[in-house]
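The residues making up each chain are set out below.
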Amino acid sequence: MNFLEERIVKDGLVKSGNVLKVDSFLNHQMDIALMEEIGREFKRRFSDKSVTKVLTIEASGIGIAAFVAKEFGVPLLFAKKSKSINIDGEMYVAEVESFTHKNKNQVIVSKRFLGVGERVLIIDDFLANGCALQGLISIVESAGATVEGCGIVIEKGFQIGGRVIRNMGYRVESLAIVDAMDAETGVITFREQK
């Protein structure tokens, strides 16, 4: 069991509806030492890539992706879920459906911050159905940039997202892949990884 799987078993809560709550250390309250370790692990896993930018989606991915961007020494860019008055100019737009929130959002990235030739590492906290990743991938490709890979903290291996993104030809590195979880017993089964 790796460092993240151990933490999920210790502090994660399995809820009905295939929900894994990790808000005590990952996506509400953050354990900064754990975030640093996650950043280092993604740097190790993607050390063969020439990353020029890290991209995520607001809000839960931002803190995690910041530690990854720091490890690579590159800027962090995050897609916004709503347009505000301080976003102007041309934008890349993609529609994504949230597994957690059960809604669709248009996510936007200013064309000022993503352009031709960028080599982008996409980072997110969860991968369930793959809609958020597909949206971010389409934004990167619309910009004429290259997706160097997708780094996921927790993948729900029993849902289709990981399979869909890998079948599209993208490299997905997940720090923990949950193959099953039982809300009644709280038991979480992880996929064996190299």
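Read on for a plain summary of the structure. (Residues numbered from 1 in each chain as written. Predicted model: local features only at pLDDT ≥ 70, side-chain atom pairs only at ≥ 80, totals over all residues. Heavy atoms only, no water.)

**Things to note about the overall build of the protein chain**
The condition that has to hold: Every helix listed is a DSSP run of H or I at least four residues long, and every strand listed is a run of E at least two residues long, numbered separately from the N terminus. Every radius of gyration here is taken over C-alpha atoms, with the globule rule written as 2.2 Å times N^0.38, N being the number of residues. Buried means the residue's accessible area, taken with a 1.4 Å probe over protein chains only, is under 20% of the maximum for its type, while exposed means over 50%, and partly exposed covers the values in between.
Of regular secondary structure, the protein chain possesses five helices and 10 strands. The C-alpha atoms of the protein chain give a radius of gyration of 16 Å, which matches the 16 Å a tight globule of 194 residues would have. Projecting the C-alpha coordinates of the protein chain onto the three principal axes gives extents of approximately 50 × 35 × 35 Å. Burial status across the protein chain gives 47% buried among its 194 residues.

**Describing the nonpolar core**
Threshold: We define a nonpolar core as any set of buried Ala, Val, Leu, Ile, Met, Phe, Trp, Tyr and Cys residues linked to one another through side-chain atoms lying within 4.5 Å. Should any heavy atoms of two residues lie within 4.5 Å, those residues are counted as being in contact.
Ranked by internal contacts, the top residues of the largest apolar core, which has 32 residues, are Leu4, Ile8, Leu20, Leu26, Ile38 and Ile154. When residues no more than four places from it in sequence are discounted, the contact partners of Leu26 are Met35, Ile38, Ile64, Asp125, Val153 and Ile154.

**Quick word on helix H2 (residues 32–45)**
Applied cut-off: To estimate the expected span of a helix, subtract one from its residue number and multiply by 1.5 Å. As used here, the arc belongs to the directions running from the helix axis to the C-beta atoms. N or O atoms within 3.5 Å of each other form a polar contact, as long as, within protein, one can give a hydrogen and the other can take it, and as long as residues adjacent in sequence are counted only when both atoms are side-chain atoms.
Here H2 spans 20 Å end to end across 14 residues, near enough to the 20 Å set by a 1.5 Å rise per residue. Listed in full, the buried residues belonging to H2 are Leu34, Met35, Ile38, Gly39, Glu41, Phe42 and Arg45. One face of H2 carries all of its buried residues, which in axial projection span an arc of 165 degrees. Considering only its buried residues, H2 is in contact with helix H1 (3–11), helix H3 (60–72), strand S7 (119–127), strand S8 (146–156) and strand S9 (172–181). Measuring from the side-chain oxygen of the N-cap residue of H2 to the backbone nitrogen of Ala33 gives 3.0 Å; that N-cap residue is Asp31.

**Points about the packing of H1 against H2**
Using the following cut-off: An axis is simply a line fitted to the C-alpha atoms; with a helix, the fit covers only the stretch in contact. Between two such axes, the angle follows the N-to-C directions and lies from 0 to 180 degrees. Should the near helix be turned anticlockwise from the far one by less than a right angle, the crossing is termed left-handed; should it be turned clockwise, right-handed. Each residue is assigned to one of three groups, with Ala, Val, Leu, Ile, Met, Phe, Trp, Tyr, Cys and Pro labelled nonpolar, Asp, Glu, Lys and Arg labelled charged, and all others, Gly among them, labelled polar.
Relative to each other, H1 and H2 sit at 145 degrees, their axes nearing to 11 Å. Where H1 crosses over H2, the handedness of that crossing is left-handed. Across the interface between the two elements, Phe3, Leu4 and Arg7 from H1 touch Leu34, Glu37, Ile38 and Glu41 from H2. Tallied by class, the residues present in the contact of H1 with H2 amount to four nonpolar, no polar and three charged.

**Points about the side chain of Glu155**
Structurally, Glu155 can be placed in strand S8. A polar contact of 2.6 Å, which involves the side chain of Glu155, links it to the side chain of Ser174. Discounting chain neighbours no more than four positions away, the residues touching Glu155 are Leu127, Gly162, Arg166, Val172, Ser174, Ala176, Ile177 and Val178.

**Here's the deal with the sheet that holds S8**
Here is the rule: A pair of strands is treated as paired once DSSP finds two or more bridges between them.
Taken in spatial order, the six strands line up as S4-S3-S7-S8-S9-S10 in an open sheet, and their pairing is mixed. A strand with exactly one partner marks an edge of an open sheet, and here the two such strands are strand S4 (76–79) and strand S10 (188–190). On average, adjacent strands in this sheet sit at an angle of 30 degrees to one another, irrespective of strand direction. Across three bridges, the pairing between S9 and S10 is antiparallel. Across the sheet, Met181 pairs through a bridge with Ile188, a residue of S10. Contacting S7, S8 and S9, H2 runs over the sheet at an angle of about 115 degrees to S9. Across the sheet, H3 lies against strand S3 (53–57), S4, S7 and S8, angled at about 170 degrees from S3, the strand it touches most.

**Focus: the state of the cysteines**
Threshold: Cysteine sulfur atoms that pair up within 2.5 Å are treated as a disulfide.
Within the structure shown, the criterion is met by zero disulfides. Cys131 supplies the cysteine sulfur nearest to Cys150, a cysteine that is in no disulfide, at a spacing of 14 Å.

**Comments concerning the environment of Glu192**
Here Glu192 shows up in the segment after S10. Sequence separation of Glu192 and Glu37 is 155 residues, and the distance between their C-alpha atoms is 20 Å.

**Re the side chain of Asp124**
We apply this condition: Counted charges follow a simple rule, with Lys and Arg positive, Asp and Glu negative, and His plus the chain ends left uncounted. Just to be clear on terms, a salt bridge is a Lys or Arg side-chain nitrogen sitting within 4 Å of an Asp or Glu carboxyl oxygen.
With respect to the element layout, Asp124 can be found in strand S7. Look at Asp124: it is buried, it has no salt bridge, and the nearest opposite charge is Lys81 at 8.0 Å. Apart from residues lying up to four places away in sequence, Asp124 is in contact with Thr56, Ile57, Gly61, Ala132, Gly151, Ile152 and Val153.

None of the figures reported here should be taken as evidence of function without further support.
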